[in-house]
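Structural overview
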Amino acid sequence: MQADPGSAAPLARSALEVAYAEGDEASASVAERATGLAAFHLDDLGTAVTHLRYAMAHGRSARSPQLVAEARMSLAYVLNLRGSPRRAVREIDAALGDLDAVSRARALAQRGAIHQQQGSLDLALHDYRLALPALRRAGDAVWVQRVLSNRGVLHAFRHEYALATKDLDEAREVCEAHGLTLQAAFVEENLLLVTRRLGDIPASLAHLSRAEALYRAVGTPSGSVLVERSELLLSMRLFAEAREAAASAVAELERAHRRLGSSEARVLLARAAIMDGDPELAVEQVSLALREFRAQGRAEWVALARCGLLISQSAMPGRTIGAGRLARAAADADAHGWPGTAAEVRLLAARFALGGREHPTAVRELGLVSRLRHRGPAARRATGWYAAALLRSAEGDRYGASRAAARGLAVLEDHRGTIAATDLRASLGGLGVGLARIGLRGAVESGSARQVLTWAERGRARLLSERPVLPPADPEVGRLLAELRATVAEIDERQRAGRPVTRQVQAQVALERAIRDATRRAAGAGRHRGRSDASAPTGIPVSELVETLGEAALVEYVEIDGLLHVVTVADGRVRRRALGPVEPIRTLVRWLPFALHRLARAGWHGPRPLASGALAPGSGMPGLGGVGAARPGSVATGGGPAVAVLRHTAGQLDDALLAPLRRMIDDRPLVVVPTGILQSMPWSVLPTAAGRPVTVAPSAALWLHGARREPAPGQVAVVAGPGLPGAEAEAALIAATHGIPAPLVGADATHERVTDAIRGARLAHLGVHGTVRADNPLFSALTLADGPLTVYDLERLDRGADTVVIAACDAGRNVVLAGDELLGFSSAFLARDTRHVVASVVPIPDAETAPIMVALHRSLARGEPVAAALAGAQSGVDPSDAAAVAAAAGFVCVGVGVSPVAPASAGTPASAGMPA
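Residues numbered from 1 in each chain as written. Predicted model: local features only at pLDDT ≥ 70, side-chain atom pairs only at ≥ 80, totals over all residues. Heavy atoms only, no water.

**Quick look at the confidence of the model for the chain**
On average, residues of the chain carry a pLDDT of 85, and 90% of them reach 70 or more. Across residues 908-916 the pLDDT falls below 50, and counting only partners more than four positions away or on other chains, this stretch makes 22 contacts in the model. (pLDDT = per-residue confidence, 0-100. Contact = heavy atoms within 4.5 Å.)

Written out as structure tokens, the structure is:
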């Protein structure tokens, strides 16, 4: 029955028809019960109840207490899932006296499961201990595995994970030995619960994958496994995905009338909604769940939902909740076995207590949470260290707070070393933001610029400062990526032909999910070693940084408590300056892409002059500074207003970000380490940066590592993708500049040939269409002849090119996660030992890139440092051509920048890997 309920249902109905035809009441009872159980396993609980009541009635007509009791036992299970646990227990208790030994053991096991769902774990364990020996003696494999599986979950809720794993492993062996497919899915789901609580993400993902596959194999809806998927995604800080899974779980469980499960899923949906920035939905869902739990008499879930409601309400704008009320709710949650939620609410209580000057309450709550720092999974231990740091900070122990924050960050770095998937490691960086902020706040209060730099580095782009894990040569992922390329290529072809693409788009979505899940299941190799001492938790070696910078100046921006600070390293001195509130700067930065896009549109149909009065020397990117009022008949309806907005915005940003540093940085080349919104700034538009070599680096540690690394010689690769007017002509000019007989263009620019050419090249130029996916940055893609080259594809390279130039819209723009973790093309290349990436951070007019690209490559071929070559190419743009100015302004140099590209391979043709 449970192994394949879809096939069992018609067999049960056939048996029922025969029993009715023959007037056999006993057979009718058995058949009705079988029909009800099939409906239950197909999540049709209403139909299940109806047939199980008929089974009881036929059992009475047959004068068989045993049949009545067996039907009662099945009915009890369904009633419990429908949210009537008290009625369910009454049905089982009524059945116990009329059952034989084996059926009685099953009833006890079922009553134990109901007690377990009610939170009465001691009663549940007692029933399991009574039932299991009799079930083993009878060789009842189905019920033996059921008890083992349920007891394994019970042990997990008691944090007895060794006992939980022992029971669940035995349950899985029973399922495998007896071909119990559906039960095996339940066991995998429960093993997922255990590994998730232990913080083992790769193992959890593997169990999730197996559970989903087993559910699909028997055609059973999997609302419960959607709950586990959402829980797991929440633990990985993938909030939007977690919310989607939780919403699907609620819908699936409601459709099946599984009210116990749907109530639990509502709490989960509320948690995901809070983290995803929707407190209104969170309050709505958790309030409903709280009412349902009270009606169900589930005290432990009432405690959890009450905490969820307080957390959701506290996220509402202007809402303050009393610290005492929060503390009481946390104590109740802890008493009912929810330590993680209790810790979250205690931290919230401490925050409100400190805000309300209730120091003793804050100290008490933080002290309780800090006890978690020595036990449990990494995220919980890090939370304990965070509480310890807050506690020491509240007591005025700045040094102790910094030490505790550093210990917490070390715990998280160990944890990230167990994970291979880039998106997971990046998202988990958000766990350390609070810890890094405590250390950074203490450093700012100390007045030590070096300490500020050290702590800024500890909390910044750790993903790229760790040596990346090369994904295993997984043939499944390779096959899926190839299918994705073919599917996207088919979508493009059908769209050009005006044909429908619904089925192909659905296939693309399914393939992307399969790729994402497969890569996330890969385990890491243990704790990541830093790329160099510069990235070690003890801080960046400032003396080596000063020596390596030479004539350049480092400018590192730091955001703390809504204020922007900057640390500069120049002339052997490390200095810090407060720049002011972040929010006005954030607003200004958002205007830049809009203004550049409008400026570019002014010239998309051919070069057009800028508004009169442009070109004040040294006042920004050529053609941007000193722009006067637009005149009628000029580009006032296109470029003129855009120039005015751009000039005004760039001037204000320059006043906020660079002008205050002029005496510190003089006219030196700049290495800029941005934060947050500044990560995708087109720096060349700022007057202070105009004509100056500017390199953007994710962190000072990463810059130092790249600058000290000796580049490997290699060849030059030039690629022109499809659909770009003039791209092949541009590629030919660039190829001639470097002495390459023929670039990769047209049908030759395939995924395989392009990745082969990039691997180990000293310079790679990619003139292609590009798309940046904010929803999943690893599916950002460069369009080649046979489909997209995604970031996932780049991650399968053991090494990239030394220098990469990408002439594509937005290709230089990374998606910024918490902790200034970056995902995108430039970060993918930097993680593969690329030292320099030149790419645009804004949309650009494709036809206008050729002049700046040719000028750039000519400078690179002469051996100029990459950032200087880019600055020279930007300065040489015709200032009267609006589109060309806009195209040039969007390009930035990311990485090292202060050195030239790697040398050519000795004795190897410059065109190695290129077609003749």
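**Looking at the sheet that holds strand E9 (residues 770-771)**
Strand order in the open sheet formed by 3 strands is E9-E10-E11, and the pairing between neighbours is antiparallel. The open sheet terminates on both sides in strands that have one partner only, identified here as E9 and strand E11 (787-790). Pairing geometry for E9 and strand E10 (residues 781-784), over 2 bridges, is antiparallel. If you follow glycine 770 over to E10, its bridge partner there is leucine 782. (Pairing = 2+ DSSP bridges. Helix = DSSP H or I, 4+ residues; strand = E, 2+ residues; numbered from the N terminus.)

**Overview of the nonpolar core**
Judged by nonpolar contacts, the single largest core of 115 residues is most densely connected at Tyr557, Leu657, Trp683, Leu766 and Ile806. The leading source of residues in this core is helix H29 (residues 582-601), at 8 residues. Excluding residues that lie within four positions of it along the chain, isoleucine 806 makes contacts with Leu766, Leu782, Ala811, Phe825, Phe829, Val838, Ala839, Ser840 and Phe891. Of all hydrophobic cores here, the second largest spans 54 residues; its members include Ala69, Leu75, Ala113 and Tyr128. (Core = buried A, V, L, I, M, F, W, Y, C linked by side-chain atoms within 4.5 Å. Buried < 20%, exposed > 50% of the residue type's maximum accessible area, 1.4 Å probe, protein only.)

**Notes on the packing of aromatic side chains**
With the rule as written, the count across this model stands at 6 aromatic pairs. Ring geometry for phenylalanine 157 versus tryptophan 338: centroids 6.1 Å apart, planes at 90 degrees, classification edge-to-face. You can see phenylalanine 157 sitting in helix H8 (residues 141-157) and its partner tryptophan 338 sitting in the loop between helix H17 (323-335) and helix H18 (339-355), a full 181 residues away along the chain. Taking the relative accessible area as the measure of exposure, phenylalanine 157 reaches 28% and is therefore partly exposed. The class of tryptophan 338 is buried, set by a relative accessible area of 11%. One aromatic cluster is present, formed by Phe157, Phe293, Trp301 and Trp338 through successive ring pairs. Residue placement shows arginine 146 over the ring face of tryptophan 143; its charged tip is 4.0 Å from the ring centre. Against the face of tryptophan 455 rests arginine 458, its NZ or CZ located 4.3 Å from the ring centre. (Phe/Tyr/Trp six-rings, centres within 6.5 Å; stacked < 30°, edge-to-face > 60°. Lys NZ or Arg CZ within 6 Å of the ring centre and 35° of its normal.)

**Re the side chain of glutamate 365**
Tracing the sequence through the fold places glutamate 365 in helix H19 (residues 359-370). In contact with glutamate 365, not counting residues within four places along its chain, are Ala327, Arg346, Ala349 and Ala350.

**Looking at the packing of helix H14 (residues 259-275) against helix H16 (residues 299-314)**
The interhelical angle for the contact between H14 and H16, taken along N-to-C directions, is 25 degrees, at an axis separation of 10 Å. Between H14 and H16, the angle falls in the class roughly parallel. As H14 runs across H16, the sense of the crossing is left-handed. Contacts between H14 and H16 involve Glu264, Val267 and Ile274 on the former and, on the latter, Trp301, Leu304, Ala305, Ile311 and Ser312. Of the residues assigned to the contact of H14 with H16, the class counts are 6 nonpolar, 1 polar and 1 charged. (Axes fitted to C-alpha atoms, helices over the stretch in contact; angles between N-to-C directions. Parallel < 35°, antiparallel > 145°, perpendicular 65-115°, else oblique. Left-handed = near helix turned anticlockwise from the far one by under 90°. Nonpolar A, V, L, I, M, F, W, Y, C, P; charged D, E, K, R; others polar.)

**Observations concerning the sheet that holds strand E7 (residues 744-745)**
Strand order in the open sheet made by the 11 strands is E3-E2-E1-E4-E5-E16-E15-E12-E8-E6-E7, with mixed pairing throughout. Edge positions in the open sheet fall to strand E3 (573-581) and E7, since each of these has one partner strand only. Both strand E8 (residues 763-767) and strand E12 (residues 803-806) contribute to a ladder of 4 bridges, which runs parallel. Looking at the pairing, alanine 764 lines up with valine 804 of E12.

**What to know about H18**
In this model, H18 (17 residues) spans 24 Å end to end at C-alpha, consistent with the 24 Å of a helix rising 1.5 Å per residue. H18 sits mainly inside the fold: 12 of its 17 residues count as buried. Taken together, the buried positions of H18 are Pro339, Thr341, Ala342, Ala343, Val345, Arg346, Leu347, Leu348, Ala349, Ala350, Phe352 and Ala353. Next to the buried residues of H18 lie H16, H17, H19 and helix H20 (378-394). Looking at the residues trailing H18, positive phi occurs at arginine 357, about 60 degrees. (Expected span 1.5 Å × (residues − 1).)

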